[in-house]
Amino acid sequence: AEFVEVIQGVLDLAKQKDTGLYNWYISNTNKIELGFVGDAAAMNTINHFTNYTTITFDRGYFDIAKTKYSKNDLILLHIGVLAHECEHSAYYNNFIYTHADIEALCHLASVRAFEKVGGNNAEFEKYFKDSVYDQLKL
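First things first, this report covers the structure right here in the doc. Predicted model, so just to flag it, every value in this text is computed and none were measured.

Moving on, we come to the overall build of the protein chain. What the protein chain contains, in helices and strands, is 6 helices and 3 strands. Computed over C-alpha atoms, the radius of gyration of the protein chain comes to 14 Å, within 12% of the 14 Å expected from 2.2 N^0.38 for 138 residues, which places it in the range of a compact globule. In terms of overall dimensions, the protein chain has a C-alpha envelope of 40 × 35 × 30 Å along the principal axes. Taken across its 138 residues, the protein chain has 46% of its residues classed as buried. For the protein chain, the proportion of contacts with a sequence separation of at least 24, taken over those separated by at least 6, is 56%. Of the roughly 7,900 Å² of accessible surface on the protein chain, a fraction of 52% belongs to carbon and sulfur atoms. Put simply, the protein chain has 12 plus and 18 minus side-chain charges, and the middle of one group is 4 Å from the middle of the other.

Right under this line is the structure:
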């Protein structure tokens with residue numbers, strides 16, 4: 001129930017602040033769920049035959065995050081993570097980019113999502129921004 005409330009908060013905030021961001025989330029995701037993905041905070045699974053995309057947030061990661069952050073901070077964090085995973089949908093079959101390039105682009109999508117909802121000073125934005133620079137080594 002807490003996870004659903006946070007994800008609904010993400011979608012509501014995106015819809016309120018930037019309908020383009022909201023529509024992008026919706027168009028790149030068929031299902032958002034809480035489960036187990038291992039070492040990552042979230043995972044994007046694309047069925048290549050149907051283009052059905054499921055984004056799974058890791059239950060362990062969510063349980064820890066909800067004890068550390070306020071609901072508003074959790075929503076902002078998930079604004080970034082959902083953007084990251086949606087961006088993977090755009091690049092899942094691209095042979096030009098390296099894995100590091102794709103991760104950098106996905107983190108950049110997170111930074112832009114923060115900007116769209118007014119969360120550019122969120123502590124999570126710095127993580128995604130730093131990761132763009134770390135991953136994208138030209």
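To summarise the sheet geometry, strands pair through backbone hydrogen bonds and adopt either a parallel or an antiparallel arrangement. The 3 strands lie next to each other as 1-3-2, forming an open sheet whose pairing is mixed. Both edges of this open sheet fall to strand 1 (31–35) and strand 2 (42–47), since each of them pairs with a single strand only. Strand-to-strand twist of the sheet, defined as the mean angle between neighbouring strand axes without regard to direction, takes the value 25°. Bridge count between strand 1 and strand 3 (residues 52–58): 5 bridges; the pairing is parallel. Bridge pairing links Lys 31 to Thr 54 in strand 3. The sheet strands contacting helix 1 (residues 2–17) are strand 1 and strand 3, and the helix crosses strand 1 at an angle near 145°. Strands strand 1 and strand 3 of the sheet are contacted by helix 3 (residues 59–68), whose axis makes an angle of about 50° with strand 3.

Turning our attention to the pattern of salt bridges. A complete count under the given rule lists 8 salt bridges for this structure. In this structure, Asp 18 engages Lys 116 in a salt bridge whose closest nitrogen and oxygen atoms are separated by 3.5 Å. Of the two residues, Asp 18 sits in the loop between helix 1 and helix 2 (19–27) while Lys 116 sits in helix 5 (residues 99–117), which places them 98 residues apart along the sequence. What makes Lys 116 partly exposed here is its relative accessible area of 41%. Of the charged contacts, one joins Asp 130 and Lys 126 as a salt bridge, the two residues approaching to 2.7 Å between their closest N and O atoms.

Cut-off values and rules
- Residues numbered from 1 in each chain as written.
- Predicted model: local features only at pLDDT ≥ 70, side-chain atom pairs only at ≥ 80, totals over all residues.
- Heavy atoms only, no water.
- Helix = DSSP H or I, 4+ residues; strand = E, 2+ residues; numbered from the N terminus.
- Rg over C-alpha atoms; globule rule 2.2 N^0.38 Å.
- Buried < 20%, exposed > 50% of the residue type's maximum accessible area, 1.4 Å probe, protein only.
- Contact = heavy atoms within 4.5 Å.
- Areas by Shrake-Rupley, 256 points an atom, 1.4 Å probe, with all protein chains shown as cover.
- Lys, Arg positive; Asp, Glu negative; His and termini not counted.
- Charge placed at Lys NZ, Arg CZ, Asp CG, Glu CD.
- Pairing = 2+ DSSP bridges.
- Axes fitted to C-alpha atoms, helices over the stretch in contact; angles between N-to-C directions.
- Salt bridge = Lys/Arg side-chain N within 4 Å of Asp/Glu carboxyl O.

These figures come from the coordinates and say nothing about function on their own.
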